[in-house]
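Observations on chain architecture
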Protein chains: 2
Amino acid sequence: MSTSIRDTLESTLRRRFFYTPSFEIYGGVSGLFDLGPPGCQLQNNLIQLWREHFVMEEDMLEIDGPMLTPYDVLKTSGHVDKFTDWMCQNPKTGEYYRADHLIEQTLKKRLLDRDVSAKDFKKMQKILDTIDGFRGSDLNHIMQEYKINDPVTNDVLDPLTSFNLMFRTKVGASGQLKAFLRPETAQGQFLNFNKLLDINQGKIPFASASIGKSFRNEISPRSGLLRVREFLMAEIEYFVDPLDKSHPKFDEVSAEELTLLSRQLQESGNPQLPVKLTIGEAVKSGMVENETLGYFMARVHQFLLKLGIDNNKFRFRQHLKNEMAHYATDCWDGELLTSYGWIECIGCADRAAFDLTVHSKKTGKSLMVKQRLNSPKEKIEWVLDVNKKLFGPQFKYRAKKIESVLLRFSQEELRSRHKELKEGGKFTCQIDGDIVELDDGLVSIEMRTTLQHTREYIPNVIEPSFGLGRIIYCIFDHCFRLRADNNARAFFSFPLQVAPIKVLITTISNNENFPSIVKEISQILRKREIYFKVDDSNTSIGKKYARNDELGIPFGITIDFETLNDKTVTLRERDSTKQVRGSVDDVISVIDKMIRNPTESTWDNSTVGCV
Amino acid sequence: MSTSIRDTLESTLRRRFFYTPSFEIYGGVSGLFDLGPPGCQLQNNLIQLWREHFVMEEDMLEIDGPMLTPYDVLKTSGHVDKFTDWMCQNPKTGEYYRADHLIEQTLKKRLLDRDVSAKDFKKMQKILDTIDGFRGSDLNHIMQEYKINDPVTNDVLDPLTSFNLMFRTKVGASGQLKAFLRPETAQGQFLNFNKLLDINQGKIPFASASIGKSFRNEISPRSGLLRVREFLMAEIEYFVDPLDKSHPKFDEVSAEELTLLSRQLQESGNPQLPVKLTIGEAVKSGMVENETLGYFMARVHQFLLKLGIDNNKFRFRQHLKNEMAHYATDCWDGELLTSYGWIECIGCADRAAFDLTVHSKKTGKSLMVKQRLNSPKEKIEWVLDVNKKLFGPQFKYRAKKIESVLLRFSQEELRSRHKELKEGGKFTCQIDGDIVELDDGLVSIEMRTTLQHTREYIPNVIEPSFGLGRIIYCIFDHCFRLRADNNARAFFSFPLQVAPIKVLITTISNNENFPSIVKEISQILRKREIYFKVDDSNTSIGKKYARNDELGIPFGITIDFETLNDKTVTLRERDSTKQVRGSVDDVISVIDKMIRNPTESTWDNSTVGCV
């Protein structure tokens, strides 16, 4: 889509109030948007479809938690330290720029320069291909090497600084509890792991899910609905045994063909040509790390096609090594092509045991699965024993505390303390600030074989994460059409389940007998819970169709003079503009059937028109 | 419900993970809660029902906007100055108390004192009845008069201070844009008035609606789910002609009987005995200000009954004069009785033209309805004319600006300037800081009769506002039951459409042939989009019923040995624990029918059992 069609698209969206800048009469706030009635209804449909496709189909455990999140949680998760962008300021104008965006913008322009050497071209192309994984020092280096100044004023910019993208606030009257607005919905799911496991009767694997708003204090948001400061996310956390990442339903999706841009392809330096592979082949070849990750990639693909996303404008791009979090095993971004380029809308990551491990360490609460073993297993390990007879008299009121510290020693600690005991007959450790000495009369450490009846482990997490707001924009972009015979007439070819309004009720003229029929049809549709819109304005029928096509309404019921005689109406289909005639009852029941079972019913096999 | 049953209720809710304190493994944050899977599903159902009952039934225009809201918007709306509570601090412990709650708590205790005189009793009762409308000085006075100290330590408390209840944050890299988390969803609807009117083809009345989270930085939240810092709201703004607040569908609801606690009854000082009246009578008698307000009160009542709210524990309480905003015409709170007392869950207010007026004034943008008059109307008004010939030469580049200021003069201003002109031949006004003198050569002001073809007015707003989170707690409270024959067994008697899970699939034992039947039934239910739960654990069937009754699952399908022979199962109903037997297909189609049409189908007229 060219940028001029983009302008037509965005002005249509604004004119029909799919969305609008928030607080517009106050001048607006960049990066904040309202969804107007058709946009909001489309969003409601999208949420509903997401729940059906993921939550219901996989028996996921959906939860809903607050956006206000205390500092400690996000410090542990890594967001306080790492949820940052690098920015630079123009000291003269005060304007801030996001460094990676500024570099991309500048280098993309320089690539078009005729004088650029083949070598420089390749170098710049490599930077553009891999910039998502660059650290601040890398970006600073590039800014200097390419002498990148303010793109508007050409002023020299200040050196890069790191900017945390979370919105800060304080909770309570005293203001002592520092908090952030959550940058994602995932943490609430991790923190509830024990309760989720419990209501899943202790069984693994299972998935939790959450849908809700998240926040990102973008440095200088542009790109309309694609880069916003408050956005709707939907996230799944699939908790899985680290030793078995197979998926019980993988066979059902293994033939799904995906467009995959692997890490290797990106790093090859060649033009980015993704491959088309079935997810079965991709997992088998090791390109995608495991079945569960592959299963969700396939399910995501199926979901997007349901929404009207163009399969030719969708790909999974694997994270580069430097782009991926250190703990992650594999990560693929679901990217959609729009007039703004390829946009990351979905992330599918295998986050290993990172999240549960860090929260467990920080809080001292176990976040483990206990699996009963069918046959007990022998385990050889270091064991520490306390000589209770001497321990109490020696340490008195501190005995309990000291014992509990000793019993929490890791295998590695036990091994080294064993060595100290053997060599020097004693070791020391620090407990509540005091140095405590323990000799081989008080404790003994030895290697012992124990029989394990249960296996305890921290599960791994596979996380499919959806930016629903961005997906909404891509639906707009991919479903936008101009009539072949009249380029000034635009329409949205939304799938039936996505379309915000399903039926337009309209009249051929403003005859005084029409309103009662409009009312009657409205009541039937309302009873069937089918969203409709009445356009009984005094305008030509052609104009009425045209302006309601801009809302992507799939069906039009038109009342005309014949209706007064025989209670028949015309039914018009949006994409083809074909019309058929039938009784009110027949027409509505065809519409109802098609909306409820969009895969089973088609326009052509409907019975209307035969009446 | 006594507080001991409250404990049972709340421990059941926690155990079955309807909700849990957020960030519990981090010690929690008071006033923040997560909804676990059954709570979240119930919330989803509630949102769905709200949309059907209000948005769909009345063709409301639903919009969705951000929670981040700039300072200016909330300054204009009055929240920066007035969305406050009075609090006092214990200077020794640092603890904060909300003053009105502290007074209520203290006086309620003193009322029980045997030594209290009849006069003091009456005085304290009056304070308790009217405290919602007290200002800071009133509260301070009562704190001193009754010598109210810290309820825990008995320390003397600091004087009251006002605390703004909005969470603050800053937007953007520079941090210069001050913002709040919205305290309600209404402002976004007011600011979009022009766009909403436009897509409603300029016609009035119409309603907009919004569902979303709002925030309130409570001083010291207790009372569990009833007093939280982040909560789900649903708000309707019904825009109406101030000269005609009748409602086209009022007749459909006029016979609805409501429990009404009018202002007069509250101020009478007698025990608070509300009256039962039809809304038709209440509007006719003037107790409820107008039809539209009454219409929504009746619709709210119908909605609550659908949700399983006990009609005997619901009332509308009219705001007292001192409690109501100065601009409001009438206001009724929908209150629900719980073990915490009467809880405000819904507000129905006639806010007159306040909101649109203040935003229009602040931004200079017109927020008016233009109504074409069928016959032009004469209007006598003050009109100012500028003598263009002299004006331009006299004021040069400032002429346009000065003229535009003069043309915006109100009728009142014109009247007084006319007087000055007449008496002194001139008047002055301040424009951009300069004093400008205008004499009767430059301008003339006179009373003139004009012909108006359109009527312009700022519509009034009737606002039904719902605290969905509080309603959820009240559903829990009102639907909680103990089995008559066994008080240790509890269940939730949720209506079918409210129940988070509709069907329990269970097995009489863990026979190896059962799992395939469980799978088969699961697939049928999933295809019909009916939420179900499988409990195939190795426990007695009685225990399985009991623990799933705690989730309020209305139907239980049990697979037993007969199922293996003839594909019949038992169907158990939650409230009566009655069981019938039927084929899998019959049982599922009965369930499906009852869920889809709860008002038309009943357990008794179902066909199951006849098989």
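See the structure shown above.
As a starting point, this report considers the structure included with it. The numbers attached to residues start from 1 for each chain and follow its sequence in the written order. Throughout, the order in which chains and ligands are written sets their labels, letters from A for the former and numbers from 1 for the latter. Only residues with pLDDT of 70 or above have their local features reported here, since the model is predicted, and side-chain atom pairs are shown and tallied only from 80 upward, although totals for entire chains, interfaces and linings are computed over all residues. As a convention, hydrogens and water are excluded, and side-chain values are obtained from all of the structure's heavy atoms.

Within chain A, the secondary structure is distributed over 22 helices and 28 strands. Burial statistics for chain A: of 611 residues in total, 55% are counted as buried. Here a residue-residue contact requires only that any non-hydrogen atoms of the pair lie within 4.5 Å. Taking as baseline every contact in chain A between residues at least 6 positions apart, the subset at least 24 positions apart corresponds to 67%. Using the Shrake-Rupley algorithm and a 1.4 Å probe, accessible areas are obtained, with residue cover drawn only from the displayed protein chains. Put simply, chain A shows about 27,900 Å² of open surface, and 49% of that area lies on carbon and sulfur atoms. Positive residues here are Lys and Arg, negative ones are Asp and Glu, while His and the chain termini are left out of the count. Note that the charge is assigned to NZ on lysines, CZ on arginines, CG on aspartates and CD on glutamates. Between the mean site of the 83 positive side-chain charges and the mean site of the 85 negative ones, chain A shows a separation of 3 Å. Helix and strand definitions here come from DSSP, where helices need a minimum of 4 consecutive H or I residues and strands a minimum of 2 consecutive E residues; each element is numbered from the N-terminal end. Here the term buried applies to any residue with accessible area under 20% of the maximum for its type, exposed to any over 50%, and partly exposed to those in between, with areas from a 1.4 Å probe on protein chains only.

Residue and element names in this part refer to chain B. Among the secondary structure elements, L406 is positioned in helix α16 (residues 399–407). Here L406 falls in the buried class, since its relative accessible area comes to 1%. Considered as a pair, L406 and L384 are 22 residues apart in the sequence and their alpha carbons are 7.7 Å apart. Residues contacting L406, with those up to four places away along its chain left out, are L384, V386, F391, F427, C429, L438 and V443.

This part takes up the interface of chain B and chain A. Each partner contributes residues to the interface: chain B has 80 residues there, and chain A has 79 residues. Accessible area that two parts lose when put together, with a 1.4 Å probe and added across both, is what the buried area reports. Summing both sides of the interface, chain B and chain A together bury roughly 6,900 Å²; the carbon and sulfur share of this comes to 61%. Three residues stand out in chain B for area buried against chain A, namely I25(B), Y26(B) and M56(B), and they jointly supply 12% of the buried area on that side. For this document, the term salt bridge refers to a Lys or Arg side-chain nitrogen within 4 Å of an Asp or Glu carboxyl oxygen. Taken together, the connections running from chain B to chain A amount to 8 salt bridges. Taking the shortest distance from any N to any O, the salt bridge between D536(B) and K203(A) comes out at 3.7 Å.

What follows concerns the pattern of salt bridges. Using the criterion set out here, one finds 95 salt bridges over all chains in the structure. Notably, a salt bridge pairs K567(A) with E520(A), separated by 2.9 Å at the nearest N-O pair. Of this pair, K567(A) sits in the loop between α21 (561–566) and β27 (568–573) while E520(A) is found in helix α19 (residues 514–527), placing the two residues 47 residues apart along the sequence. For E520(A), a relative accessible area of 33% corresponds to the partly exposed category. Of the charged contacts in the structure, one is a salt bridge between E550(B) and R15(B), with a shortest N-O distance of 2.8 Å. Linking E550(B) in the loop between α20 (541–549) and β26 (555–559) with R15(B) in helix α1 (residues 3–15), this pair joins segments that are 535 residues apart in sequence. Using a relative accessible area of 45% as the deciding quantity, one classes R15(B) as partly exposed.

A separate point is the side chain of S360(B). Residue and element names in this part refer to chain B. By the element assignment, S360 lies in helix α14 (residues 354–363). Look at S360 and you get buried, because its relative accessible area is 15%. What S360 contacts, discounting residues up to four positions off in sequence, is K365, S366 and L367.

A few words now on α16(B). Residue and element names in this part refer to chain B. Of all the positions in α16, only A399, I402, E403, V405 and L406 are classed as buried. Each buried residue of α16 sits inside an arc of 160° when the element is viewed along its axis, so together they form one side. Those residues of α16 that are exposed and aimed more than 90 degrees away from the buried face are K400 and L407. In this description, one arc is meant: the one made by directions from the helix axis to the C-beta atoms.

Take the relation of the copies chain B and chain A next. The transformation that overlays chain B on chain A combines an axial shift of 0.0 Å with a rotation of 180°, and the residual RMSD is 0.3 Å. Considering both components of the superposition, the chain copies are consistent with a two-fold axis. Within chain B, T169(B) has its C-alpha nearest the rotation axis, a separation of 2.7 Å. An overlap of 99% is found between the interface residues of chain B and their copies at the interface of chain A, pointing to a shared contact surface. The copies were overlaid by least squares, fitting only the C-alpha atoms of residues that reach a pLDDT of 70 or more in each copy.

Here we come to the pairing of strand β28 (residues 579–583) of chain B. Remark: a regular strand shows side chains that alternate across the two faces of the sheet. Residue and element names in this part refer to chain B. One bridge is not enough; two strands pair if DSSP finds at least two bridges between them. In terms of strand pairing, strand β27 (residues 568–573) meets β28 through 5 bridges, oriented antiparallel. For T568, the partnering residue across the bridge sits in β28 and is S583. From the end of β27 to the start of β28, which pair antiparallel, there are 5 residues, and T577 there has a positive phi angle of about 60°.

So, about the side chain of E230(B). By the element assignment, E230(B) lies in strand β11 (residues 230–240). From its side chain, E230(B) meets the backbone nitrogen of M67(A) in a polar contact 2.7 Å long. Engagement of the side chain of E230(B) in a polar contact is seen with the backbone nitrogen of L68(A), the distance being 3.1 Å. Ignoring any residue separated from it by four or fewer positions in sequence, one finds E230(B) in contact with G65(A), P66(A), M67(A), L68(A), G31(B), L32(B), K213(B), S214(B) and F215(B). Two N or O atoms form a polar contact when they lie within 3.5 Å of each other; inside protein one atom must be a possible hydrogen donor and the other a possible acceptor, and for residues adjacent in sequence the pair counts only when both atoms belong to side chains.

Here we take up the environment of K119(B). Relative to the helices and strands, K119(B) is located in helix α6 (residues 118–130). Sequence-wise, K119(B) and I521(B) are 402 residues apart; in three dimensions their C-alpha atoms are separated by 68 Å.

Let us look at α19(A). All names here are of chain A. For a helix, the expected span equals 1.5 Å multiplied by the residue count minus one. Under the 1.5 Å per step criterion, the end-to-end length of α19 is 20 Å for 14 residues, consistent within 8% with the ideal 20 Å. Within the span of α19, buried status applies to F514, I517, V518, I521, S522, L525 and R526. E529 sits one or two residues past α19 and shows a positive phi near 60°.

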